[in-house]
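If you want the building blocks of each chain, they are given just below.
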Amino acid sequence: MADKIKIGTLISGGGTNLQAIIDACRAGRIDAEILFTGSDTPGVKGLERAEAAGIETFVVDYDPIIRSCKKGINDLDLPQDFDLAEILEKQRLMPADTARERVELFLKSRAVAEKKLLDRISAYDIDLLVLAGFMRVLTPYFIDRINTRPGHHKIMNIHPALLPAFPGTDGYGDTFRYGCKVGGCTVHFIDYGEDTGPIIGQKAFEIEDTDSLEDVKKKGLEKEWELYPACIQKFARKKR
Ligand code: GRF
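Summary of the structure given here. (Residues numbered from 1 in each chain as written. Predicted model: local features only at pLDDT ≥ 70, side-chain atom pairs only at ≥ 80, totals over all residues. Heavy atoms only, no water.)

1. Some details on the overall build of the protein
For step 1, the next point in the chain: Along the protein, the regular secondary structure elements total eight helices and seven strands.
For step 2, the next point in the chain: Relative to the compact-globule value of 18 Å for 240 residues, the protein shows a C-alpha radius of gyration of 18 Å, a close match.
For step 3, the next point in the chain: For the protein, the spread of C-alpha atoms along the principal axes amounts to about 50 × 45 × 35 Å.
For step 4, the next point in the chain: Residues classed as buried in the protein amount to 49% of the 240 residues present.
For step 5, the next point in the chain: Relative to all contacts within the protein whose residues are 6 or more apart in sequence, the contacts with residues 24 or more apart total 70%.
For step 6, the next point in the chain: Total accessible area computed for the protein in this model is approximately 12100 Å², and 49% of it derives from carbon and sulfur atoms.
For step 7, the next point in the chain: Charge centroids of the protein, computed over 34 positive and 38 negative side chains, lie 3 Å from each other. (Helix = DSSP H or I, 4+ residues; strand = E, 2+ residues; numbered from the N terminus. Rg over C-alpha atoms; globule rule 2.2 N^0.38 Å. Buried < 20%, exposed > 50% of the residue type's maximum accessible area, 1.4 Å probe, protein only. Contact = heavy atoms within 4.5 Å. Areas by Shrake-Rupley, 256 points an atom, 1.4 Å probe, with all protein chains shown as cover. Lys, Arg positive; Asp, Glu negative; His and termini not counted. Charge placed at Lys NZ, Arg CZ, Asp CG, Glu CD.)

This is the structure:
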């Protein structure tokens, strides 16, 4: 039997992509084993899916962390190895003309949450971290602590549009509202920008004039469930 790569997964919601990956691992379409599923939101359906599959789960609840940071962040709350100047220099999540105070609060509050994520993830030895509907951007603080080998990407994401078109949180909505006749999804490695990293695979579908936004989302998700396992398997094959 082929060696299996070890993957960790992060989710925020329903976890239909996670389910597709679980099913593909079981069916032998991906030579991988899922070691954990982490969520930034408690009580989501994706956590139930992981538990039903016997996968270890954890939650790092982002909302209260960010709320508390907005009331004020003491330097002692920040991770010991957090270097603001370095993260500011690397980050491409916020435009250069954003008010300095806003950027700092954003980066610091995310780093507080990301340290908690890293503490949970560090208990596992993973080859790949798969973002399966994880609705938080990750800062260079987190990325550099997962991508420890220069030039070797270890964090994969799925985006609901044909990048580089329509980055951001509502890819299918933006595709639909623009009036596109073709939509799609993209699996890519993440880098310091939002939805800008190297593309691993894409799948497209046609949008009929009569399609509603719901139709577009349904067509898109069906493509995602094929694309994500295929891209993880592509990574697994290269790794062996
Ligand atoms: C998917 O459309 C994915 O592209 C986006 O969030 C959605 C997650 O769906 N990032 P699910 O939780 O996998 O069902």
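Anyway, onward from the coordinates.
2. Remarks on the packing of helix α3 (residues 62-70) against helix α5 (residues 100-121)
For step 1, the next point in the chain: Across the interface, α3 lies against α5 with an axial gap of 9 Å and an inter-helix angle of 140°. Overall, the two elements α3 and α5 adopt an arrangement that is oblique. The handedness of the crossing between α3 and α5 is right-handed. Each of Tyr-62, Ile-65, Ile-66, Cys-69 and Lys-70 in α3 lies in contact with α5, whose residues at this interface are Leu-105, Ser-109, Arg-110, Val-112, Ala-113, Glu-114, Lys-116 and Leu-117. (Axes fitted to C-alpha atoms, helices over the stretch in contact; angles between N-to-C directions. Parallel < 35°, antiparallel > 145°, perpendicular 65-115°, else oblique. Left-handed = near helix turned anticlockwise from the far one by under 90°.)

3. Some points on the pattern of salt bridges
For step 1, the next point in the chain: Counted according to the given criterion, the structure contains 16 salt bridges.
For step 2, the next point in the chain: A salt bridge links Arg-136 to Asp-63, with the shortest nitrogen-to-oxygen separation between them at 3.1 Å. Here Arg-136 is found in the loop between β4 (128-131) and α6 (140-146), whereas its partner Asp-63 is found in helix α3, with 73 residues between them in sequence.
For step 3, the next point in the chain: Between Arg-92 and Asp-191 there is a salt bridge, with the nearest N and O atoms lying 3.2 Å from each other. Note that Arg-92 is positioned in the loop between α4 (84-90) and α5 and Asp-191 in the loop between β6 (182-189) and β7 (199-206), a separation of 99 residues in sequence.
For step 4, the next point in the chain: Each of Asp-40, Asp-63 and Arg-136 takes part in one network of salt bridges that share partners. (Salt bridge = Lys/Arg side-chain N within 4 Å of Asp/Glu carboxyl O.)

4. A word on helix α8 (residues 213-239)
For step 1, the next point in the chain: With 27 residues, α8 should reach 39 Å at 1.5 Å per residue; the first-to-last C-alpha distance of 38 Å fits that figure.
For step 2, the next point in the chain: Looking only at α8, the buried set comprises Val-216, Gly-220, Glu-224, Leu-227, Tyr-228, Pro-229, Cys-231, Ile-232, Gln-233, Phe-235 and Ala-236. (Expected span 1.5 Å × (residues − 1).)

5. What about the site of the ligand?
For step 1, the next point in the chain: Around the ligand, the neighbouring residues are Gly-14, Gly-15, Thr-16, Asn-17, Gly-133, Met-135, Ile-158, Pro-160, Leu-221 and Glu-224.
For step 2, the next point in the chain: Contact distances for the ligand include 2.9 Å between an oxygen atom and a backbone N or O atom of Asn-17.
For step 3, the next point in the chain: Look at the ligand: alone it shows 370 Å² of surface, and the protein chains cover 84% of it. (Near = heavy atom within 4 Å. Polar contact = N/O pair within 3.5 Å; in protein donor to acceptor, adjacent residues only side chain to side chain.)

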